[in-house]
Amino acid sequence: AQSVTQLDSQVPVFEEAPVELRCNYSSSVSVYLFWYVQYPNQGLQLLLKYLSGSTLVKGINGFEAEFNKSQTSFHLRKPSVHISDTAEYFCAVSSQGGSEKLVFGKGTKLTVNP
Amino acid sequence: DAGVIQSPRHEVTEMGQEVTLRCKPISGHNSLFWYRQTMMRGLELLIYFNNNVPIDDSGMPEDRFSAKMPNASFSTLKIQPSEPRDSAVYFCASSLSSNSPLHFGNGTRLTVT
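Here goes a summary of the coordinates provided. (Residues numbered from 1 in each chain as written. Chains lettered and ligands numbered in written order. Predicted model: local features only at pLDDT ≥ 70, side-chain atom pairs only at ≥ 80, totals over all residues. Heavy atoms only, no water.)

## Quick word on the overall build of chain B
Right, so step 1: Each helix and strand in chain B was counted, giving zero helices and eleven strands.
Right, so step 2: What you see in chain B, going N to C, is helices and strands ordered as β-β-β-β-β-β-β-β-β-β-β.
Right, so step 3: A compact globule built from 113 residues should have a C-alpha radius of gyration of about 13 Å, and chain B, at 13 Å, falls within 12% of that.
Right, so step 4: Dimensions of chain B, computed from C-alpha atoms along their principal axes, come out at roughly 35 × 25 × 25 Å.
Right, so step 5: Within the span of chain B, comprising 113 residues, buried residues form 46% of the whole.
Right, so step 6: Counted over contacts in chain B with a minimum sequence separation of 6, partners at least 24 positions apart contribute 54%.
Right, so step 7: Entry remark: accessible area of chain B is about 5,600 Å², with carbon and sulfur atoms responsible for 49%.
Right, so step 8: A gap of 4 Å separates the mean positions of the 10 positive and 11 negative side-chain charges of chain B. (Helix = DSSP H or I, 4+ residues; strand = E, 2+ residues; numbered from the N terminus. Rg over C-alpha atoms; globule rule 2.2 N^0.38 Å. Buried < 20%, exposed > 50% of the residue type's maximum accessible area, 1.4 Å probe, protein only. Contact = heavy atoms within 4.5 Å. Areas by Shrake-Rupley, 256 points an atom, 1.4 Å probe, with all protein chains shown as cover. Lys, Arg positive; Asp, Glu negative; His and termini not counted. Charge placed at Lys NZ, Arg CZ, Asp CG, Glu CD.)

Encoded structure:
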């Protein structure tokens, strides 16, 4: 079974500052990793995914994440955030590469202040 | 592409009443998922369908919950009878195939008083 831990429930930052949202996973098999974003009163949208290949994955809206197998981490980063990045971010893991049995973390609420 | 459409957006009902949540997946998507989101538990997978067939309903909390997918373009999640602890946001999501990412609807916010 897989599990996901998002270490920070809330992350406040100022506009144009860099941000890192942390995600650690636990699994006994190879995993596939995802980051989703949820804007207020909306469903989740896929930001980026790691299935195989390069460990640095680039997503939409200038976000990127790095898969670190030895540290079982998949942290999300953005070098300069905007007010519009204020949202909740969910890390998710799957052992099967697809959407079945996708396990989500509890989420990190990112608040970007002017 | 209209996206995944859920109705209603908000539902307020009294304990003991039947509640039916509806979902129209993206046309051509073969997999459909029902999730529940609460502050305490986060996002929980309740059930998912592949080609209209329920594959895994192990996340359904109890017999009061049931889900159907009579055809490729429609699914329902029913709670009968509803209880205050069922209050949550219920999301429907669909994906093109088992190896494709999820596309979520905007959710139904259910409040049971």
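## Thoughts on the environment of His-82 of chain A
Residues and elements named next belong to chain A.
Right, so step 1: Inspection of the secondary structure puts His-82 in the loop between strand 9 (73-78) and strand 10 (87-94).
Right, so step 2: Looking at His-82, the relative accessible area reads 40%, which means it is partly exposed.
Right, so step 3: C-alpha of His-82 to C-alpha of Glu-15: the two residues are 67 residues apart in sequence and 5.3 Å apart in space.
Right, so step 4: Those residues in contact with His-82, other than ones at most four positions away along the chain, are Glu-15 and Val-112.

## A word on the interface of chain A and chain B
Right, so step 1: Taken together, the contacts link 18 residues of chain A with 24 residues of chain B.
Right, so step 2: Each partner contributes to the roughly 1,600 Å² buried at the junction of chain A and chain B, and carbon and sulfur atoms together form 52% of this total.
Right, so step 3: Where chain A meets chain B, there are zero salt bridges.
Right, so step 4: Our count for the contact surface shared by chain A and chain B stands at five residue pairs in polar contact (both at pLDDT 80 or more).
Right, so step 5: Broken down by class, the residue content of the side of chain A that touches chain B amounts to six nonpolar, eight polar and four charged. (Buried area = accessible area lost by both parts, 1.4 Å probe. Salt bridge = Lys/Arg side-chain N within 4 Å of Asp/Glu carboxyl O. Polar contact = N/O pair within 3.5 Å; in protein donor to acceptor, adjacent residues only side chain to side chain. Nonpolar A, V, L, I, M, F, W, Y, C, P; charged D, E, K, R; others polar.)

## Things to note about the nonpolar core
Right, so step 1: With 28 residues, the main nonpolar core has Leu-33, Trp-35, Leu-47, Leu-48, Phe-74, Leu-76 and Tyr-89 of chain A as its most contacted residues.
Right, so step 2: When residues in this core are grouped by element, the largest group, four residues, is from strand 10 of chain A.
Right, so step 3: Residues Ile-26, Ala-67, Tyr-90 and Leu-110 of chain B belong to the second largest nonpolar core, which totals 21 residues. (Core = buried A, V, L, I, M, F, W, Y, C linked by side-chain atoms within 4.5 Å.)

## Some words on the state of the cysteines
Residues and elements named next belong to chain B.
Right, so step 1: Inspection of every chain in the model, using the stated rule, returns two disulfides over all chains.
Right, so step 2: The disulfide bridge from Cys-23 ends at Cys-92, spanning 1.9 Å between sulfur atoms. Between Cys-23 and Cys-92, the S-S dihedral sits near -65 degrees, and the bridge is therefore left-handed. Placement of Cys-23 in strand 3 (residues 19-24) and of Cys-92 in strand 9 (residues 88-95) is noted, with a sequence separation of 69 residues between them. (Disulfide = S-S within 2.5 Å.)

## A few points about the pairing of strand 6 (residues 44-50) of chain A
All names here are of chain A.
Right, so step 1: Note that strand 5 (residues 32-38) and strand 6 share six bridges and pair antiparallel. Residue pairing in the sheet places Tyr-36 in a bridge with Leu-46 of strand 6.
Right, so step 2: Here strand 5 folds back onto strand 6 in antiparallel fashion, the turn holding five residues, of which Asn-41 has a positive phi close to 60 degrees. (Pairing = 2+ DSSP bridges.)

## Some remarks on the packing of aromatic side chains
Right, so step 1: If you walk through the whole model with that rule in mind, you get eleven aromatic pairs over all chains.
Right, so step 2: Ring geometry for Tyr-25 of chain A and Phe-67 of chain A: centres 6.2 Å apart, planes at 25 degrees, overall stacked. Of this pair, Tyr-25 of chain A sits in strand 4 (residues 24-26) while Phe-67 of chain A is found in strand 8 (residues 64-68), placing the two residues 42 residues apart along the sequence. Each member of the pair, Tyr-25 of chain A together with Phe-67 of chain A, is buried.
Right, so step 3: Ring geometry for Tyr-35 of chain B and Phe-104 of chain B: centres 5.6 Å apart, planes at 40 degrees, overall tilted. Taken as a pair, Tyr-35 of chain B in strand 4 (residues 31-38) and Phe-104 of chain B in strand 10 (residues 103-104) lie far apart in primary sequence, 69 residues in all. No difference in accessibility class separates Tyr-35 of chain B from Phe-104 of chain B, as the two residues are buried.
Right, so step 4: Through a chain of ring-to-ring contacts, the aromatic side chains of Phe-34, Tyr-36 and Phe-104 of chain A together with Tyr-35, Phe-91 and Phe-104 of chain B assemble into a single cluster. (Phe/Tyr/Trp six-rings, centres within 6.5 Å; stacked < 30°, edge-to-face > 60°.)

Distances and angles like these do not, on their own, reveal function.
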